[in-house]
Amino acid sequence: MRGPFAFLYLSFRSTPMTRQSGSFGLSATSLALRWPLAALTLLALGCSKGGDSVPTTAPVAAVDRQAAYEERLEAERGKRGLSDKTQFEQQFGRDKTATITITGLTGDAAALDYYINRKLFKAAWADYDAAAKRAQAQNEANKQAAEQKAVQEHKQQWGDFGPGMIWYRYQPVKCDLPYPTIKKGTRAEGTFVYYVAPVLNLDEFSRRFDIGRVTQIDQAGRSLQLQSLLPDPVPDIDLEELLINHGKDSVAKIVVTGATQEKERVSYFLEKQAVRLHPSTTLELVGPKMSKVGEFEMSVGPATDLNALANRIDFGKVTNVDPATRTITVQAALPADLPPRPTPEELHAERMKAWDKPSDMDTKPRGDEDEVTWVLRILKGKHVFAVDAVHARLKGMKPSDEDKAKIVEALIATLGDTPRLEAHLDSMRQFQTPEVEKAIIDLLNVKRTFSSENDVVYRHLKSIKFTEENQKYLEETIVNNVPKGPFYSDQYFDLMLAHRSKAVDRALINMLGDSSHSHAPVIKAVAKLGTTEAAMGLIGRLGNFFDKDEARQALVTMGPKAEDAVLKLVDNPSVEVRVVAYGLLTQVGTEKSLTKLKAQQTKDRDRNGKPAAKQAYELLKSRLDDEKAEGGDAADAKGSKDEESKRGKNETKGK
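It should be emphasised that the depicted structure is a prediction, and the values quoted were computed from it without experimental measurement.

> Help me out: how do you make sense of the overall build of the protein in this one?
Each helix and strand in the protein was counted, giving 25 helices and 12 strands. Counting every position in the protein, which comprises 655 residues, the buried fraction comes to 36%. Intrachain contacts of the protein at a sequence separation of at least 6 include 61% that bridge at least 24 residues. For the protein, the computed accessible surface area is about 40000 Å², with 53% contributed by carbon and sulfur atoms.

So, in C-alpha cells, the structure goes:
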C-alpha cells in the first residue's frame, strides 16, 4: 500500500439469511453489503457464520478507557500548542519571539489574562520603541545626507542659484521589529502560556516583565518560565499605572456609599465630579467601579492633601478620612434625576453648543472671585461670549507683575485652542514678553484648516518688533514652514518681506521651483527683493511657457537691480538665451550694458544673435541718451527756478 491512501480488502463466504426467534439475523456477507462498517465490527468481535458468538479477549476496563482518552486529549493539546508556537515564530521570526509560561496563578482567569496581557505588551514595547526610534533616526540621517549631496551637486552645476527645486532620493529605513503582539497559548490550572513578539533578550525582558520569580530561562528554546507572585484578586492594572505615575502618597481612594440609583447614571455623574476636585488641574481617574450594591470606588491623582480633597467633595457628606489607607468615605447625596451617560454623538453636540452658550456668570466675575481670577477661569473655558468679555477687559487692565505673569501664562497655554484668535493675539501683544513672542511664532508650526486664521497670524507676526533672539527664531521658523502649493497667501509674502534675512530671501526665491502651483504671485514677491540673486531666480522662469511673461515683466520692474544677473546670460552658448538677454538689457541696462552690447556686435557670430545685439545696443543707447537729456532739462528747470527765487528775495530785501 502507498500513502497517503491505504485500502483494506476483506472477503466473506456467502451464507443465507436465517430467521431466529422472531427476529432477523444477517450473515456477514449480507451485512457487509448493506453496512460494511458494522460487518467489520461484528467480525472483529468474533461473529460466526451462523450468528453465534465466539469467546474473545476480556473487555477493556472503563477506567483504562478513560485514561487512554485523556492521554489522547493531552497529546492533541500538546500538538496544538506546538503548532501555535510554530506559526507564531514563522510569522515574526524565531529570534524575535518568546514563549512565556507563568505558573502558580490564582484568582479570576479573565482578570489575570487582562492584567498579564497589559504587562506583556508594556515589556515588549520597550524593544519595539527602541527599534522604531533607531529607524527614525537613520531615516533622518539618510535624508539629510541625500539632501546635502543633492545641494552640493546643484551648486557645482548651477552655482548659488539656478532651478529653485532640487529633487533627491534617499533610502527609507523601516523598523525591523514588529508591533508588540501577544497570543494565548495552551492553559492548565494555574498555568498560562503566551507567545510574545518582539522579544530580543530574554534576561532583559524578564526584568521588565516583573510579576514573579524567574524559574527557568531557555535561551536556545526562546522560552521563559516564571512563578507568579501576583496577589489574589489580581491588581487593577489601571490603578497600578496611576500609582506608578503619581506615587502612593499622591493617590487617593474615594468610596461612595448609599448611591442607589441606576449604576451607569451614578458612574457617569461621579466621573464628572471626581476629575474636578483639584482647583487648578484635571485629575486622573480610575473608576468608578461598583464594589457592591449602592457602593462605588474610585481613585484619583495627583492628590497629596487628603483633607483638602475631602473638603472639595460636594456630591455627599464625608463620613471618614483614613490617612493610613488614603481613603475618603462619602455618604452620597446625589441629585434625584441623574442624567444618563451621553452617546458620542450627544457629547459632540454638547461641546459645540458650549462654545456659543452665553452666561451672565461667565461674562463678569462671580461674587467670590476677583477680576484676575475671573480672567484666568474664562481663558481656560469654552464660552465664546465670555472670552470676548475677557479680551475687552484686558485692553484696559493694568495688573501687577505677579498677576501679569499669571495672565501671560494662561494666554500662552490657551492660544492653540482659542475661539477668538484675533482678539487673543491682541491681548497677548498688550502683555508682550519674550515668551509671548515665541508662542506667537510657534503658531507658524500649526497646520490650520482655514486660511483666514493663517492670515491673522501672518499679519500679527509682520508687525511685531521682536527681541534679537526671537527675531532669529522667527526667521528660522519662516524658512522651515514655507507653505506648499497650489495657493499662497499674499500675507505670507508680506511677512517674509517684513522680516528679511539671507535665509528668508533664499527660501522665497526657492519657492519659484515649487511646481505644484502657479508662480505668478511668487514672481511678484521675488521681484520686490531687488537683489541679483532674486533676478537670477526670475531668470530661471524665463524658459517656462506659463511663467515667462510674468518673469520678464518682473525683471523689467526691478530695473538696473536685475542688470548684473541678465548680463551673465549674454555669454550663454544658446543663441535663444542671448537674444532674450539682449532684449531685457534694452530696458534694465546701464552704461555697463551698453559697453557689453557694443562688444557683442563683433563677438556674437550667430546670424540671429549678431543683429539682435546690434539692435539692442541702438535701443539701449537711445534710451540712455533720452534719460540724460531729460535729466539735463530737469536740472536746468530746477536751476532757473532757484535763480528766480534768489532774485525775488534780493528785490524784497532792497525794498
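> Help me out: how do you make sense of the side chain of T99 in this one?
In this fold, T99 is placed in strand β3 (residues 98-103). When its relative accessible area of 9% is taken as the criterion, T99 is described as buried. Leave out the neighbours within four places in its chain, and T99 touches K85, V193, Y194, Y195, R222, S223 and L224.

> Looking at this model, I keep getting lost on the side chain of Q471. Mind explaining?
Note on placement: Q471 falls in helix α16 (residues 468-480). Taking the relative accessible area as the measure of exposure, Q471 reaches 18% and is therefore buried. Other than its neighbours up to four places away in sequence, Q471 contacts F466 and H499.

> What is the right way to read the packing of aromatic side chains from this model?
The description of an aromatic ring pair rests on the distance of the ring centres and on the angle between the ring planes. Counting across every chain of the model gives 10 aromatic pairs. Measuring from centroid to centroid gives 6.0 Å for F121 and W125, while their planes differ by 25 degrees, and the two rings are stacked. Within this pair, F121 and its partner W125 are both found in helix α4 (residues 109-158), separated by four residues, close to a single helical turn. Judged by its relative accessible area of 32%, W125 is partly exposed. Taken together, the ring pairs in this structure connect F121, W125, Y128 and Y179 into an aromatic cluster. The side chain of R187 reaches across the aromatic face of F192, ending 3.9 Å from its centre.

> Would you mind showing me how to read the sheet that holds strand β10 (residues 295-301) here?
Note on sheets: strands pair through backbone hydrogen bonds, and any given pair is parallel or antiparallel. Read across the sheet, five strands follow the order β9-β10-β8-β12-β11 without closing on themselves; strand pairing throughout is mixed. Because the sheet does not close on itself, it has two edges, and the strands there are β9 (284-292) and β11 (316-322). Neighbouring strand axes in the sheet, compared pairwise and without regard to direction, differ in orientation by 20 degrees on average. In this structure, strand β8 (residues 252-257) lies alongside strand β12 (residues 327-332), joined through five bridges in parallel fashion. Its bridge partner lying in β12, I254 is registered against I328. Its contacts with the sheet put helix α6 (residues 237-246) on β9 and β10, and the angle it makes with β9 is roughly 145 degrees.

> Before we go on, may I ask you to explain the sheet that holds strand β4 (residues 181-188) in this structure?
Strand order across the open sheet formed by five strands is β4-β5-β3-β7-β6, with mixed pairing between neighbours. Across the chains shown, the open sheet's two edge strands, defined by having one partner strand only, are β4 and β6 (212-218). Sheet twist, expressed as the mean angle between neighbouring strand axes with direction ignored, is 20 degrees. With six bridges connecting them, β4 and strand β5 (residues 191-197) associate as antiparallel partners. Looking across to β5, one finds that A188 is bridged to T191. Packing against the sheet, helix α3 (residues 62-92) makes contact with β3, β4 and β5, and its axis sits at approximately 170 degrees to β4.

Reading the values: the criteria
Residues numbered from 1 in each chain as written. Predicted model: local features only at pLDDT ≥ 70, side-chain atom pairs only at ≥ 80, totals over all residues. Heavy atoms only, no water. Helix = DSSP H or I, 4+ residues; strand = E, 2+ residues; numbered from the N terminus. Buried < 20%, exposed > 50% of the residue type's maximum accessible area, 1.4 Å probe, protein only. Contact = heavy atoms within 4.5 Å. Areas by Shrake-Rupley, 256 points an atom, 1.4 Å probe, with all protein chains shown as cover. Phe/Tyr/Trp six-rings, centres within 6.5 Å; stacked < 30°, edge-to-face > 60°. Lys NZ or Arg CZ within 6 Å of the ring centre and 35° of its normal. Pairing = 2+ DSSP bridges. Axes fitted to C-alpha atoms, helices over the stretch in contact; angles between N-to-C directions.

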